[in-house]
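Examination of the molecular architecture
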Amino acid sequence: MTGVPQWAYAAALAGLPLQTHTRLRRLLSLGSPEEMWNAITERSAPVPGVSADVMSVWRSTEQDAARRMEDLCRSKNIHVCVRGDAMYPDPLISDPRAPAVLFALGTLHPFTHRRVGIIGTRLATQSGRHFARVLGEQLTAENVSVVSGLARGIDVEAHLGSLRTERGAPPIAVVAGGPDVVYPREHESVWRNVVERGVILSEFPPGAPPEPYKFPLRNRILAALSEVLIVVESRSTGGSMTTVREAMKRDITVMAVPGSPHIKPSEGTNDLLRDGCAPVTCVDDVLVALGLDTRRVVKGHDGRTPPSAVGLRILDVMENLPRTVDEVALLAGMSVVDVAVSLGSLEAQGWVAQSDGWWEALTR
Amino acid sequence: MFAAITSATLTGTSGSRIVVESHVGPGIPAFTVVGLPDEGCRESRDRVRAAMLSSGLEWPNRRITINLAGAGERRGGAGLDVAIAVGLLVATGVIPAEAVHNVAFIAELGLDGSLRTTPGIAPLVASVADHDVVVSAAAVNEALIARPSRVRAVSSLCELVSALCAEAPWPDVDAESPRVVIDDVPNLSDVRGQPVARLALEVAAAGLHHMLMIGPPGAGKSMLAKRLPGLLPRLTHEEAFQVAMIRSAAGMTVQTELATSPPYRAPHHSISMVGMVGGGTAHIRPGEITLASHGVLFLDEMGEFAPSVLDALRQPLEERTVHISRAHSRVEMPAECLLVAATNPCPCGVAIRANCECAPVARQRYLRRFSGPLLDRFDLRVHLSRPSTNDLTGETKGECSEAVAERVAGVHNIARTRQGCVNSAITGDMLDDVAPLDDEALMFLRHHLDNGTLTGRGYHRVRRVARTLADLNGDAGVISQQWVSVALHLRARLETGVVHHS
């Protein structure tokens, strides 16, 4: 076994069955990755701190797995950084629960920028999605990196907004599978674009499927990488709350977007606000929290055609709540036909969006 | 020695005339029925024998052969019993042969010699309408619908024999001609609020556009569907006649009066494919789609129906007839109905979309149970929501069915004179002549086609619905953007998969 670099041994160790971040950190603190790998596969010496049954599973690993891991990472263009490497993200170095090995797809220099995490529920409202997208776009334009998880709903919208800018801080995504495993499938193009402009990080080796237990683990890295964490929409029991707890453990500022008390996607964020989190209503709030100058902020030009008088009236009565056409017609005192026509043109102009017959104004 | 008696058998929803030949000759006593009889018909040997004996008639102890003339196709039914019995009595000389000339017999025999009715009396009688028709007393009303030259009603074999032998007069028949009745359909004025649902119902009725209602429990989906027959135009005499024939063929009770309100059928979701489109082994019987002809077929909880049952609806809906092919027969039955289906938006069925607990994948999977081609048959796909408390408790009643029905009938007339069919039946090549778009409307649809929010197939459907909307509002000519926009609104996009573009 010659010519296999140290990082490949580290990656192979990270890819062992039953591997946890605690075990991996301990293994790598005992010796160089190569020594530990040989200790496991050649059965040369007992490894302290690893129980016998885990060891018996590990010992059945083939020794050239390290070489195969090297080929895999090289062919997929995945960079492996071990804690202590020059390329290892600075914000994680001092973290007590940091992953000992990180797999990165894309370019690894974004950690020189300011970083804001934007997270939220998968079952987001249309206006929540719109808010996340606009926030992602404005922060990126202000040269702040957006950190998010590329999940459905708020997560992906934040990055979609970030990718809408022509230049700006690179996006950072932390995912729960291998960095090359696109999940969910429909995010394939976003995935590609994030890799092109920024980086996708994961503590799991290429090919690892995203499993339910991995999402909370992913959330701790996401929290640790953020300087400020913003929850756009979340139910009180949502997965975003685990990220919030991880952030609070690390003394990271958590901010929340206020929402209507009538709908569940605002439950969690409103709880956070009641508990004393600062509210986010526009990009300035975030920039102030980061200690950045907001005076030079050029308010993003809203490219949408201004709505007509009737359109404004409809946007006004919708009050940022999901509404049915029946409700809008009743509130605006207009016929269904007129409301349908106006909503149609408002939708074409990007002022409203609907899902399953519920319409929301995108004005925030 | 020999007799030929006219009777009829039922296939699908129509009767066909048949001649029952009887031969009584010398030989070892036996009783055989030939000519591909079915099980029910072979059993008639025993019924006929018992009925004749209990009626005090002599059983010919000779070699008896019954032939259902026109062999080659399996047929039968208990309705041939009386024809067989009369044939034997003519062949043995009990009844004079002249007495059965130009008379058809359609009834089942009881072991005590009484006459009983059989399913499908109306279409059976219609197939021998140029004859005097003898039926059981209970079947008179149904037989009169088919308007034969004369109906004779008897209650027992004895009575029949004495009437044929001219020993007694025929029993009196209340020969009332079919009357028209208007029966009660729930009124639309009971529906409070819900303007979108009202609009969709009106459009569905005016253009006979198939409609899918998507809404949480309590949104009034079945309530709305039940009111749809009241919005459709009353049945014409021919339609009412056809509906009565179908009902009779399905063994349902039919009165002398022709009902002019369109039929409303709401089968339970456990229905089998044969129950839906028709079929059966011995007898081919009409299914729910045929029973709903000229009316409304409502499928509540469409997601709970077996996918094969739903997909079997596709071809009949398109061709407006059902073709049933079996090894022994091929049958064509009408299937001209307005399909209305209802489904929850997701498994949890919560009233407010934002509060739904279902995972995105679960929601997609729920709607993906319906095949694309089936969903495409629905010109109208409407999201419904629960009516607000103000609407429910308010004093104001909605517009009544009669006012809406008047507008609907107007559109039907406009459509029939313009293109000879209802708006939903406009063919693709006729669209440009019949439903031309103005420039603005065309641009609007272009935008949606480019956007991916409208498919090529949806494009034609939206234009048909826009035609109906314009007709309803008195815009007979070129269709403006307004109606296209509303039509698009009534064709909800279903979240069967989300694709993000960056």
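Residues numbered from 1 in each chain as written. Chains lettered and ligands numbered in written order. Predicted model: local features only at pLDDT ≥ 70, side-chain atom pairs only at ≥ 80, totals over all residues.

**A look at the overall build of chain B**
Looking only at helices and strands, chain B has 21 helices and 20 strands in total. Its C-alpha atoms give chain B principal-axis dimensions of about 95 × 45 × 45 Å. The buried share of chain B, taken over its 502 residues, is 47%. A separation of at least 24 residues holds for 74% of the contacts in chain B among residues at least 6 apart in sequence. (Helix = DSSP H or I, 4+ residues; strand = E, 2+ residues; numbered from the N terminus. Buried ≥ 20, exposed ≤ 12 C-beta atoms within 10 Å, placed from the backbone. Contact = placed C-beta atoms within 7 Å.)

**Topic: the interface of chain A and chain B**
Accessible area lost upon the coming together of the parts serves often as the stated size of an interface. Contacts between the two partners involve 30 residues from chain A and, on the opposite side, 28 residues from chain B. Of all the secondary-structure elements, those providing two or more residues to the side of chain A that touches chain B are α8 (154–164), α9 (188–197), α15 (325–332) and α16 (336–349) of chain A. For the side of chain A that touches chain B, the per-class residue count stands at 16 nonpolar, 8 polar and 6 charged. (Nonpolar A, V, L, I, M, F, W, Y, C, P; charged D, E, K, R; others polar.)

**Describing the environment of Asp316(A)**
Position of Asp316(A) among the secondary structure elements: in helix α14 (residues 309–318). Along the primary structure Asp316(A) and Ala332(A) are separated by 16 residues, whereas in three dimensions their C-alpha atoms are 8.9 Å apart.

**Considering the sheet that holds strand β13 (residues 264–265) of chain B**
Residue and element names in this part refer to chain B. One open sheet holds the 5 strands; their spatial order is β13-β16-β19-β11-β20, and the pairing between them is parallel. Only two strands of the sheet have a single partner each, and these edge strands are β13 and β20 (380–383). Where strand β11 (residues 211–214) and β20 come together, 4 bridges link them in parallel fashion. The partner of Met213 across the bridge, within β20, is Val382. Taken strand by strand, helix α7 (residues 195–207) contacts β11, β19 (338–343) and β20, and its axis lies near 165° from that of β20. (Pairing = 2+ DSSP bridges. Axes fitted to C-alpha atoms, helices over the stretch in contact; angles between N-to-C directions.)

**Details of unusual backbone geometry**
The omega torsion across Tyr183(A) and Pro184(A) is -5°, close enough to zero to call that bond cis. Its identity is not glycine, yet Asp356(A) carries a phi of approximately 50°, on the positive side. Position of Asp356(A) among the secondary structure elements: in the loop between β10 (352–355) and β11 (358–361). Unusually for a residue other than glycine, His294(B) sits at a positive phi of about 65°. Following the sequence through the fold, His294(B) ends up in the loop between α11 (288–291) and β16 (296–299). In this structure His294(B) comes out as buried when scored by C-beta crowding, with 21 C-beta atoms within 10 Å.

**Thoughts on the environment of Gly198(A)**
Its location among the elements puts Gly198(A) in the loop between α9 and β6 (199–202). For the pair formed by Gly198(A) and Ser162(A), sequence separation is 36 residues and the distance between their alpha carbons is 10 Å.

**A few points about the domain arrangement of chain A**
As far as domains go, chain A holds domain 1 (6–75), domain 2 (110–289) and domain 3 (309–361). Once you take the C-alpha centre of each, domain 1 of chain A and domain 3 of chain A turn out to be 59 Å apart. (Domains from an automatic or database assignment.)

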